Each structure stands twice: as C-alpha cells, then as structure tokens.
Amino acid sequence: MVVIGGGIAGCASAYYLAKRGVRVVLLEKGRLAGEQSSRAWGFVRQQDRHPAELPLMVAANKIWRGLEDELGADLEWTQGGMLALARDGEELAHYEQRARLEQAAGADSRMIAPAQVRSLLPQLEQPVLGALHTPSDGHAHPEKSTLALAAAAGRMGADVIEHCAAERLVIQGGRVTGVLTGRGEIKADAVLCAAGVHATKICRMAGLELPVRSVRSTACATAPIPHFTRLAVRGLDLAFRQTRGGNLILGRVSDGSADYDITLEAFRHVRWFLPNFFKNREMLRLHLGRPLLADLARALPGAPAWFRARRHPFAHTVDMEPRPNLRTAEFNRRAFERLFPSLGEIRIERVWAGVIDTLPDLIPVLGATEVEGFYLATGFSGHGFAMGPIVGQLMAALITEGAAPFDLHPFRFSRFREGKIGKARVLR
Ligand SMILES: Cc1cc2nc3c(=O)[nH]c(=O)nc-3n(C[C@H](O)[C@H](O)[C@H](O)COP(=O)(O)OP(=O)(O)OC[C@H]3O[C@@H](n4cnc5c(N)ncnc54)[C@H](O)[C@@H]3O)c2cc1C
C-alpha cells in the first residue's frame, strides 16, 4: 500500500493503516508537513462544520483528547474551548441554529450571552451580541501533530520516505498496481492520494478529473505575551489562539482574507466553481501576475527546455514557500490591538502563507474512485488539520475492510461527474 503525501491526512492514514498490520510506504516529495499541515492555525473545532463533516468532527474530537497519550508525543493539545463571537443579528441567528445542529450531533456547543463572553474573555473590549461556545473544542500544534503521526506510523512498521515524489501511477487493466518514483517502482495493490493541492495532477495520471482551486491564505505569529486565554476565538474580523509559549497565532476572517492567484488551472472546471465563487467572492482577492506567467512558460511548446524539463512533474513544487500577504498580517495586528487594547501593543514575529486545496462544495473527497485500488483523502478546503486523525482512521477502515464507520456518501468522488455539488459558504 502506498500513501502519497506527508501532510496530516497522509501521515494519519499511514499510521492507522500500519496499526492494522498493513505494509505501508508513505511518500513525501519534500519534507513531512512542509505544506498546509505546518501552516494551519491549529484550531480543532466541531463548531460551524458542514453538516456532513459534523459527525466526523465529533468523533475526531474524542481522538484528539487522547492523541498525546496514544502517540506518546507533545502536540501542544489544549482543550480550552472554542468561541465564535456574534457581532450582529445575522451572525447571532446563524450561531443559534448551529448550536441546535451541533447539540443534535453530540457536541457540547451552546449559545452564551454577552455577560458570559465577558467572564470567559474579560479583556475583550468590543461589544458582541453573544457567542457560540463549544467547551470541548481545542487547538494543537499543526507541525508537531503531523510529525508525531508520521513517527508513530514509522514505529508501526511503515516506510516513511521524504524527498521522494510519486511521479506516475502504474495502472493495469483498470486497477492500480504501483507507483513510479525517482528511486524506482513501488508495487502496490492500493494507493491513497493525500496530496493536498497537487491531488489534481495525480488524479489526472489515473484519468480522473478532480477540481481543486489553490487559495493562498496568510497567517502570523506574534512575540509571546503573558498568558490570558486557552480559548480559540473567531469573530470580529479575526481568529486567534495563544500557544503554550505565549505567542498569538492570528488569522484574518473578514472580506479579502484569502488571495487567489489566477493560473491556467483557474480556467478549468469553471462551471463547478462559479456558484460558490459568487457566494464567497467578497472573501477572495484576485491576483493576475507571476504565477500565471510561470504556468504559461511551463506549458508553451517554445518555453526554454531548462524551464520545462524538470526532473519530475512535481519538482517545481518541492519545498514551496508561498508568498504571504503582509497587509493581512498588519490587518491582524491592528484588529487584535483594537479588540484587546488593555493587552498593549503586540509585535508580529513571523508571517507565512499556505496554499489551501479548495473543492467546489468546500468538503473533501474521501473514498474510492473508479480506478480499482485508488483512493482519495484530499480537498479539505481549509479545515483538514482538525479532521486528520479521524480521516486516518476511516481511510484505514475503508481500505482494509471495504467499509468505514461513517456515511461517506457526501464525500464521494463521483459527485462532480454527477453534477451534484452543494452550495456552501466559507465558514469564518
Ligand atoms: C493559513 C492556514 C490556516 C489553516 N488553519 C486551519 C485550522 O485552524 N484548522 C484546520 O482544521 N485546518 C486549517 N487549515 C487547513 C489545513 O491546514 C489543511 O486542510 C490540512 O493541513 C490538509 O492536510 P493534507 O494532508 O490534506 O495536505 P497537506 O498538508 O498540504 O499535505 C499534502 C502533502 O502531499 C505532498 N505531495 C503532493 N504531491 C506529492 C507527490 N506527487 N509525491 C509525494 N508527495 C506529494 C505535499 O508535498 C504535501 O506535503 C489551514 C490552512 C492554512 C493554509
């Protein structure tokens, strides 16, 4: 069995597969957790999930609570609760409806009044109408968590190979039989693609069209400040948590919070993306420039050979360092100081960006495909860190037993071909 991709989805799948006694090779083209899985804010929330994801996240929450013990590693897991602040009546009504939905699914979400918000977060100096509070939610260190799952997979007998890209799938008679890498072919009767934004390219090798848009998202970390909260908080244009070391991780949740670089890929699958693009257009800032030119240069027949003839189809994506939006970091700093003036000035210490694999309906693909033995766990659309452990468990069950203990129908790959794509709004 080969797992392609050393992010949290691939590492968790490799771990739970190896734990079931499957011989697993995990291939990572760069370094483990080099892409989205080290760049996430680290929120582990059941709150405000797509209804199809909610049961998975309720189960994931239970795994996260015991994951440090299970892996024997420090993940900086902090079960401090999650707070979604409502600034107006529309947000309040949304969260009231969410509280009912989440309670019915077994989460401990509940609405709290402004006075309770003040007692949970006394330093907040902006008025709110109330908040959705989920005490069992938490946050963790994304890179430590992903690396710990990879290490545990290794201890269970998986071969975890970094700097080794899956360059081609070997398919014979409609079923996958192996993977070609720079180090030779690895025979496999099953392959799981957990390749994040690169999954489209891998699917194409199997003759499958997976519609993914790459959306650039910027986050930042401040210098440490004295501890003031264990909560993870969203609302009033900002998302934040405080790490064990005292640093604040800040993300933007207002209009223009995501950057979209137009590339050749943007002109594909337009009919699938348009409905949700219009629904979420105020979140996106479009950029026309270098990424499109680089794409064109690679695609044109007259392009210089040194540019096109790379070592393998993923070579130009190894250890990519997406350009962060510095204005977003500054926006976050100001927003935090406006909300919490008594905490004084904060200093941004590090800014980074990650490229999010976004599907048209903003929920992942989890399951088998038309090619026998070829599975997908990808397209997490900006919230796959929290789902990592449950995704690993259910993919391991599906691959070894042919069935998963959850309803995976909403996540089927065939929904795109069937044209059954739900409308979804990016949840902030
Ligand atoms: C700024 C930001 C904040 C976020 N905040 C949160 C959050 O708070 N909570 C949350 O739940 N989610 C969050 N997310 C989303 C979350 O990070 C992702 O959904 C999750 O990490 C996806 O994991 P993954 O394993 O699917 O993909 P990735 O982590 O992107 O891993 C895919 C891996 O596959 C490898 N790969 C690709 N092609 C090949 C190949 N051909 N051969 C070998 N390897 C290959 C890549 O190198 C990469 O390492 C955030 C994302 C960003 C960018």
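Residues numbered from 1 in each chain as written. Predicted model: local features only at pLDDT ≥ 70, side-chain atom pairs only at ≥ 80, totals over all residues. Heavy atoms only, no water.

### A word on the pairing of strand β17 (residues 258-261)
- What you see with β17 is no split at all: Ala258 and Tyr260 on one side and Asp259 and Asp261 on the other are buried throughout.
- Where strand β13 (residues 213-222) and β17 come together, two bridges link them in antiparallel fashion. Each bridged residue has a counterpart across the sheet, and for Arg216 the counterpart in β17 is Asp259.
- Taken together, the four bridges between β17 and strand β18 (residues 284-287) define a ladder with parallel strand orientation. In the strand pairing of β18, Tyr260 is matched with Leu286. (Buried < 20%, exposed > 50% of the residue type's maximum accessible area, 1.4 Å probe, protein only. Helix = DSSP H or I, 4+ residues; strand = E, 2+ residues; numbered from the N terminus. Pairing = 2+ DSSP bridges.)

### A short note on the site of the ligand
- In the vicinity of the ligand, 34 residues are found, and the nearest of them are Glu28, Ser37, Ala166, Gly384 and Ala386.
- Taking 1,000 Å² as the accessible area of the ligand by itself, protein coverage stands at 98%.
- Elements that contribute at least two residues to the shell around the ligand include exactly α1 (8-19), α2 (36-39), β19 (348-358) and α12 (384-401).
- Here the shell around the ligand is built from residues that sort into 17 nonpolar, 13 polar and four charged. (Near = heavy atom within 4 Å. Areas by Shrake-Rupley, 256 points an atom, 1.4 Å probe, with all protein chains shown as cover. Nonpolar A, V, L, I, M, F, W, Y, C, P; charged D, E, K, R; others polar.)

### Examining the packing of aromatic side chains
- Counting across every chain of the model gives 11 aromatic pairs.
- For the ring pair Phe240 and Phe340, a centre distance of 5.3 Å and an interplane angle of 80 degrees mean the geometry is edge-to-face. Residue Phe240 is located in strand β15 (residues 238-242), and its partner Phe340 is located in the loop between α11 (326-339) and β19; the two are separated by 100 residues in the primary sequence.
- Residue Phe340 is classed as buried on the basis of its relative accessible area of 0%. (Phe/Tyr/Trp six-rings, centres within 6.5 Å; stacked < 30°, edge-to-face > 60°.)

### Concerning the side chain of Glu337
- Relative to the helices and strands, Glu337 is located in helix α11.
- Dropping the residues within four chain positions of it, Glu337 is found in contact with Gly344, Glu345 and Ile346. (Contact = heavy atoms within 4.5 Å.)

### Quick notes on the sheet that holds strand β8 (residues 159-161)
- Strand order in this open sheet of six strands is β8-β2-β1-β12-β21-β20, and the pairing throughout is mixed. Since the sheet does not close on itself, it has two edges, and those belong to β8 and β20 (365-368), each with one partner. Recorded for the sheet is a direction-independent mean angle of 15 degrees between the axes of neighbouring strands.
- When strand β1 (residues 2-4) meets strand β2 (residues 25-27), the two strands line up parallel, connected through three bridges. Bridge assignment links Val2 to a residue of β2, and that residue is Val25. (Axes fitted to C-alpha atoms, helices over the stretch in contact; angles between N-to-C directions.)

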